[in-house]
Amino acid sequence: MKGKFITVEGIEGVGKSTNIEFIHQQLLAAGKDVVVTREPGGTPLGEAIRGLLLDPAYTGMDSTCELQLMFAARAQHLAQVIWPALDRGQWVLCDRFTDATYAYQGGGRGIDTGIIARLEDLVQGDFRPDMTLLLDVPVEVGLSRAGKRGELDRFEQEQVEFFERGRQAYLDMAQTYHGRYRIIDASRPLTEVQSQLQSLISLFMHDYTG
Ligand code: TMP
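Before going into details, it helps to say that this report is about the structure given with it. (Residues numbered from 1 in each chain as written. Predicted model: local features only at pLDDT ≥ 70, side-chain atom pairs only at ≥ 80, totals over all residues. Heavy atoms only, no water.)

### Considerations on the pattern of salt bridges
Part 1: All chains considered together, the criterion is met by 11 salt bridges.
Part 2: Between R109 and E158 there is a salt bridge, with the nearest N and O atoms lying 2.8 Å from each other. Of the two residues, R109 is situated in the loop between α4 (98-108) and α5 (113-124) and E158 in the loop between α6 (139-147) and α7 (160-176); the sequence distance between them amounts to 49 residues.
Part 3: R109 gets classed as partly exposed once you look at its relative accessible area, which sits at 24%. (Salt bridge = Lys/Arg side-chain N within 4 Å of Asp/Glu carboxyl O. Helix = DSSP H or I, 4+ residues; strand = E, 2+ residues; numbered from the N terminus. Buried < 20%, exposed > 50% of the residue type's maximum accessible area, 1.4 Å probe, protein only.)

Now the structure itself:
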């Protein structure tokens, strides 16, 4: 594949939207043709699945049902958006990807990571992100930011412990996959976070495109 696949991860309230917009602008300024997308979602079918996943009406959804809906949306997203864009040489900047499944359905819900890995292989083969930017904040900070946004979705209604397990799963993945992971302390002022993002992105572009 000619393009590069960059994912942005983190628990609720880490500032993903603002920082994704910043990263997008950095890539555009460097002359990249960029597709910005998100999970769950990114296609009409995936967005419909997202509606089901986030709707508080489905509180109590079986965790393996949730897991399979995540991968169902992802399969469509890969086939319809991500792989065609990368093949065309575009860069894809994705708000969450499979690491969110390891964090939330694995860490948060306690689903065995071996089961997640089997679905990952089924849906993606050996396709993985080229770089994953983990925006990290303590859970209390993230939840208090997210709580100010109004009505809570089905995930935002979870207890602190759920997000603690999710955050830990992300930090563990950052150790295991240190080659592609970059951890950003997103509890610092936005200007500092963005200057770190800026250097990480230019380093990445230098390493991969010379
Ligand atoms: P968002 O609010 O960042 O758009 O993400 C929607 C929610 O979906 C968020 O609470 C995290 C959750 N999620 C999972 O539980 N597993 C996944 O694989 C993905 C992509 C998201």
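Okay, back to it.
### Some details on the nonpolar core
Part 1: Judged by nonpolar contacts, the single largest core of 61 residues is most densely connected at Y104, L133 and Y170.
Part 2: Looking at this core, the element that brings in the most residues is helix α3 (residues 63-87), giving 10 residues.
Part 3: When residues no more than four places from it in sequence are discounted, the contact partners of Y170 are E9, G10, I11, R96, D99, A100, A103, Y104, L134 and Y181. (Core = buried A, V, L, I, M, F, W, Y, C linked by side-chain atoms within 4.5 Å. Contact = heavy atoms within 4.5 Å.)

### Observations concerning the pairing of strand β4 (residues 131-136)
Part 1: Buried residues dominate β4, accounting for six of its six residues.
Part 2: Taking every second residue as pointing to the same face, both faces of β4 are buried, with M131, L133 and L135 on one and T132, L134 and D136 on the other.
Part 3: Taken together, the four bridges between strand β1 (residues 5-9) and β4 define a ladder with parallel strand orientation. Note that in β4 the partner of E9 across the bridge is L134. (Pairing = 2+ DSSP bridges.)

Everything listed is a geometric property; what it means functionally is a separate question.
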